[in-house]
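Here are the chains, one letter per residue:
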Amino acid sequence: MTQRRALILSGGAMFGAWQVGAWAALENRFRPDVVVGCSIGALNGWAIAGGASAAELAEWWRKAAAEGKLHWRFPRRPLDGFLDCRQIEGWIRELHGAYTPRLDYRAALTDLYRLKPRLAAASEITWEHLLASCALLGILPQKRLGNVVYSDGGMLSALPMWAAAEVQATYSLGLNVMPRMPWPVRALLRPVRAMRGLGGPPAEALILEPSRPLGSWTRSIAFDRDQIERWMRQGRQDVEHFHTKTF
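Everything quoted here is computed from the prediction, not taken from an experiment.

Student: Where do I start with unusual backbone geometry in this structure?
Tutor: The general pattern is negative phi for most residues beyond glycine and trans for most peptide bonds. Positive phi, close to 55 degrees, is recorded for A13, a residue that is not glycine. Positionally, A13 belongs in the loop between strand 1 (5-9) and helix 1 (17-26). Classification of A13 by relative accessible area gives partly exposed; the value is 25%. In this structure, S39 takes a positive phi of about 55 degrees despite not being glycine. Looking at the element boundaries, S39 is found in the loop between strand 2 (34-38) and helix 2 (40-49). Take S39: its relative accessible area is 8%, and that puts it in the buried class.

Student: Before we go on, may I ask you to explain the pattern of salt bridges in this structure?
Tutor: A pair can form between side chains of opposite charge whenever their charged atoms are brought close. Evaluation of the coordinates by the stated rule reveals 14 salt bridges. Across the salt bridge formed by D80 and R77, the nearest N and O atoms sit 3.2 Å from each other. R77 gets classed as exposed once you look at its relative accessible area, which sits at 55%. Two residues, R225 and E229, come together in a salt bridge whose shortest N-O distance is 4.0 Å. Highlighted residues: R225 and E229, both in helix 8 (residues 225-240), separated by 4 residues, approximately one helical turn. Counted as one network, the salt bridges with shared partners bring together E59, R62, R225 and E229.

Student: Explain the pairing of strand 2 here, please?
Tutor: Note on strand geometry: in a regular strand, side chains alternate between the two faces of the sheet. Summarising burial for strand 2: 5 of the 5 residues are buried, a large majority. Pairing of strand 1 with strand 2 involves 4 bridges; the strand directions are parallel. Each residue of the ladder has a partner; that of I8, found in strand 2, is V36. Note that the unit made of strand 1, helix 1 and strand 2 has a crossover that is right-handed.

Student: Explanation requested: the environment of P101 in the structure shown.
Tutor: You can see P101 is positioned in the loop between helix 4 (86-98) and strand 3 (104-111). Placed 21 residues apart in sequence, P101 and A122 show a C-alpha to C-alpha distance of 6.9 Å. Non-local contacts of P101, meaning those with residues more than four positions away in its chain, are made with W46, A49, G50 and A122.

Student: Which parts of the structure should I look at to understand the pairing of strand 8 (residues 205-208)?
Tutor: Going residue by residue along strand 8, you find L206 and L208 tucked away on one face and A205 and I207 left uncovered on the opposite face. Bridge count between strand 7 (residues 171-175) and strand 8: 4 bridges; the pairing is parallel. Among the inter-strand pairings, L175 is bridged to a residue of strand 8, identified as L208.

Student: Is there a simple way to explain the state of the cysteines in this structure?
Tutor: One way to say it: the disulfide is the covalent bond shared by the sulfur atoms of two cysteines. A full pass over the atoms with the stated rule returns 0 disulfides. Lacking any disulfide linkage, C134 is separated from the closest cysteine sulfur, that of C38, by 8.8 Å. Look at C134 and you get buried, because its relative accessible area is 10%.

Student: Would you explain the side chain of D238 in this entry?
Tutor: Among the structural elements, D238 can be located in helix 8. One buried charged residue, D238, remains without a salt bridge, the closest side chain of opposite sign being R212 at 4.9 Å. Residues contacting D238, with those up to four places away along its chain left out, are W18, E209, P210 and S211.

Student: Can you help me understand the nonpolar core in this one?
Tutor: Note on soluble globular proteins: their nonpolar side chains tend to be buried together. Judged by nonpolar contacts, the single largest core of 61 residues is most densely connected at L7, Y105 and L130. The dominant element in this core, judged by the number of residues it contributes, is helix 1, at 8 residues. In this structure, V36, C38, L119 and A163 belong to the second largest nonpolar core, which totals 14 residues.

Student: Teacher, can you tell me more about the packing of aromatic side chains here?
Tutor: One pair of aromatic rings is described through two measures. These are the centre distance and the angle between the planes. All chains considered together, the criterion is met by 6 aromatic pairs. Ring geometry for F74 and F82: centres 6.1 Å apart, planes at 85 degrees, overall edge-to-face.

Student: Would you explain helix 3 (residues 54-67) in this entry?
Tutor: What sets the pattern is the α-helix's 3.6 residues per turn: residues three or four places apart point alike. Helix length check: helix 3, at 14 residues, gives a terminal C-alpha distance of 20 Å against a target of 20 Å (1.5 Å per residue), a fit within 8%. Summarising the contacts, the buried residues of helix 3 are in contact with helix 1, helix 2, helix 4 and helix 8.

Reading guide: rules and limits
Residues numbered from 1 in each chain as written. Predicted model: local features only at pLDDT ≥ 70, side-chain atom pairs only at ≥ 80, totals over all residues. Heavy atoms only, no water. Helix = DSSP H or I, 4+ residues; strand = E, 2+ residues; numbered from the N terminus. Buried < 20%, exposed > 50% of the residue type's maximum accessible area, 1.4 Å probe, protein only. Salt bridge = Lys/Arg side-chain N within 4 Å of Asp/Glu carboxyl O. Pairing = 2+ DSSP bridges. Right-handed = clockwise from strand over helix to strand, strands pointing away. Contact = heavy atoms within 4.5 Å. Disulfide = S-S within 2.5 Å. Lys, Arg positive; Asp, Glu negative; His and termini not counted. Core = buried A, V, L, I, M, F, W, Y, C linked by side-chain atoms within 4.5 Å. Phe/Tyr/Trp six-rings, centres within 6.5 Å; stacked < 30°, edge-to-face > 60°. Expected span 1.5 Å × (residues − 1).

In structure tokens:
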């Protein structure tokens, strides 16, 4: 059977800068046939599937860090979120318009009311699908697409390795930057994940993670250019120091 290799990118907000550095070490060693991402990983994945080099993607991140500033608000409706997302919307619109996937690409979203994951294919993805994949409940507005309200694609599984079967991957490489959730959250989501069949990674898979913690949850939503540069350097170093022929 022909091998079909998947690159799968987790959520993790600004910790996604680590993925950019990791891709700098991987882009000449691992050639995926399909790219899957959720939340910030959906944005990185869109650019990678569109042919962006790691250096080009890093410039997108530097631009976002230079221009980014969080604006908090009190939501008028429960699902509006506490963060004004207009600036994030602008960045996502620009990123979406800059690339057209050259590889098979999927973005993971979560049907909020059914607590059901969904993969959106490149042919149907608009900037709003990418925004929906990043719609962290309580922080960013939940996104209605058609008759469905979508939430962050990493809500049920921060690293969507479950998607490997759906995209018919024979080998999957995951880049996971999401910190471990508090145990009450894990306990609450465990039965939902089991019901949806969101178990462990497929047999033929490798998951790479930061060699040391990237920081607190509050750091993950801060536009700190120096910190983003450090995370990108760490991502590259972590993968370069990972000696394997599996790629």
